[in-house]
Amino acid sequence: MARYPSVAILVHWGDPRATAEVAMRYHRDRSFSKVVVVANDLETCPSELNGSDISWIIPHRNLGFGGGCNFGASRYHGSKYAFLNADVTFKPGAISACLEALDLPNVGITAPALYFPNGGLQSGCGSISKYIKAPHVRALPMGSLRECEWVTGAALFCRHEVAESVGFDGSYFLGFEDVDIGLRAISSGWKVVIVSRAVAMHPARTTLNGARPVYYGVRNQIWFSRRYG
């Protein structure tokens, strides 16, 4: 099986043409060596991608976010991965900065600082509360790199070794899988860092499409607290 220097995996749900447009932009800009779309809603590949090098793969069922990421990584091997929501947009240089930071010693997961379109911080250096193990996301990165306990799954970059040996826990289905993989990566000896010069925008919750975020948010907080509390 071919191994690419970098693979972008978009976990798709919703309008296939919108996701195809994002995939084509990454491909056109040569942001990654390979672009893969995992169609969790089981939608067929849109005609816009016919004849392109972009791969549109359909699992046997909706695997959730973490499961979709694992599915894409198992089909296309990369030295580095970017697991991305289709509605994330990067400032110039942000993608290359996150990929390059993975070459630093023991850095296994990187991410940009994520902002709302109005400029407010959406997700920075993630931490975990001491007692109930609730995740906090609103810490601004300081310096060129800042270690943290977890980074947002909306734009998460990792080494092949982390994807292969740690991977996402697909049982969460939606939410907390990014916090979980961060903590398990750290326990395996990897560093999780925010790259401060890497900036991305994310409107948030535009790709959920009725996927019961409140249910999964409550359920997964309980699961997570029991596991780590």
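In the block above lies the structure referred to throughout.
Note that the coordinates shown come from a computational prediction; the quantities given were computed from them, not determined experimentally.

Caption draft 1: Seen up close, the layout of surface pockets. Estimates place the volume of the second largest pocket at around 180 Å³. Around the second largest pocket sit R25, Y26, D29, S31, T89, F90, K91, P92, G93, A94, I95 and S96, which together line it. Of all elements in the fold, only α1 (16-28), β5 (89-90) and α3 (94-101) reach the threshold of two or more residues within the lining of the second largest pocket. At three residues, α3 tops the list of elements feeding residues into the lining of the second largest pocket. Looking at the lining of the second largest pocket, its residues break down into five nonpolar, four polar and three charged.

Caption draft 2: Structural detail: the packing of aromatic side chains. Tallied over the full model, the rule gives 11 aromatic pairs. Considering the side-chain rings of F65 and F168, the 6.0 Å spacing of their centres and the 80 degrees angle between planes classify their relative orientation as edge-to-face. Residue F65 is located in helix α2 (residues 64-75), and its partner F168 is located in the loop between α4 (160-165) and α5 (177-187); the two are separated by 103 residues in the primary sequence. Grouping residues by exposure puts F65 and F168 together as buried. Above the face of the Y26 ring, R25 is positioned so that its terminal group lies 5.4 Å from the ring centre.

Caption draft 3: Highlighting the side chain of N220. Structurally, the position occupied by N220 is in helix α6 (residues 213-228). What makes N220 buried here is its relative accessible area of 0%. Engagement of the side chain of N220 in a polar contact is seen with the backbone oxygen of Y172, the distance being 2.9 Å. Within the local environment of N220, its side chain forms a polar contact with the side chain of R219, the two groups lying 3.0 Å apart.

Caption draft 4: Up close: the pattern of salt bridges. Applying the stated criterion across every chain yields a total of seven salt bridges. D103 is the partner of K80 in a salt bridge, and the nearest nitrogen-oxygen pair spans 3.0 Å. On the criterion of sequence distance, the pair formed by K80 in strand β4 (residues 77-84) and D103 in the loop between α3 and β6 (107-115) is long-range, its members being 23 residues apart. You can call D103 exposed: its relative accessible area is 55%. The residue R227 makes a salt bridge to D169 at a minimum N-O spacing of 3.0 Å. Residue R227 is located in helix α6, and its partner D169 is located in the loop between α4 and α5; the two are separated by 58 residues in the primary sequence. For R227, a relative accessible area of 43% translates into the label partly exposed. Judged by its relative accessible area of 17%, D169 falls in the buried class. Overlapping salt bridges, with partners in common, bring together D169, D180, R184 and R227 in one network.

Rules of the game
- Within any chain, residue numbers begin from 1 and follow the written order of that chain's sequence.
- It should be noted that, the model being predicted, local features are given only for residues of pLDDT at least 70 and side-chain atom pairs only at 80 or more, the latter also being counted only at that level, while totals for whole chains, interfaces and linings use all residues.
- To obtain the side-chain values, all non-hydrogen atoms of the structure were used and water was disregarded.
- Space inside and on the surface of the protein is sampled on a 1 Å grid over the protein atoms alone, with a cavity defined as a set of points where a 1.4 Å probe fits but cannot get out and a pocket as an open set with protein on both sides within 12 Å along at least 5 of 7 lines; lining residues have an atom within 4 Å of a point.
- Grid points are joined across faces, edges and corners, and a volume is the space filled by probe spheres set on the points.
- A run of H or I in DSSP counts as a helix once it spans at least four residues, and a run of E counts as a strand once it spans at least two, with each numbered from the N terminus.
- Gly counts as polar in this scheme, as do all residues outside two lists: the nonpolar Ala, Val, Leu, Ile, Met, Phe, Trp, Tyr, Cys and Pro, and the charged Asp, Glu, Lys and Arg.
- Pairing of aromatic rings covers Phe, Tyr and the six-membered ring of Trp, with a centre-to-centre limit of 6.5 Å; geometry is then stacked below 30 degrees between planes, edge-to-face above 60, and tilted otherwise.
- Exposure classes here rest on a 1.4 Å probe applied to the protein chains alone. A residue is buried below 20% of its type maximum, exposed above 50%, and partly exposed in between.
- Charge-over-ring contacts are defined here by two conditions on Lys NZ or Arg CZ: a distance within 6 Å of the ring centre and an angle within 35 degrees of the ring normal.
- Nitrogen and oxygen atoms within 3.5 Å of one another constitute a polar contact, given that in protein one can donate a hydrogen and the other can accept it, and given that sequence-neighbouring residues count only through two side-chain atoms.
- What makes a salt bridge here is a side-chain nitrogen of Lys or Arg within 4 Å of a carboxyl oxygen of Asp or Glu, nothing more.

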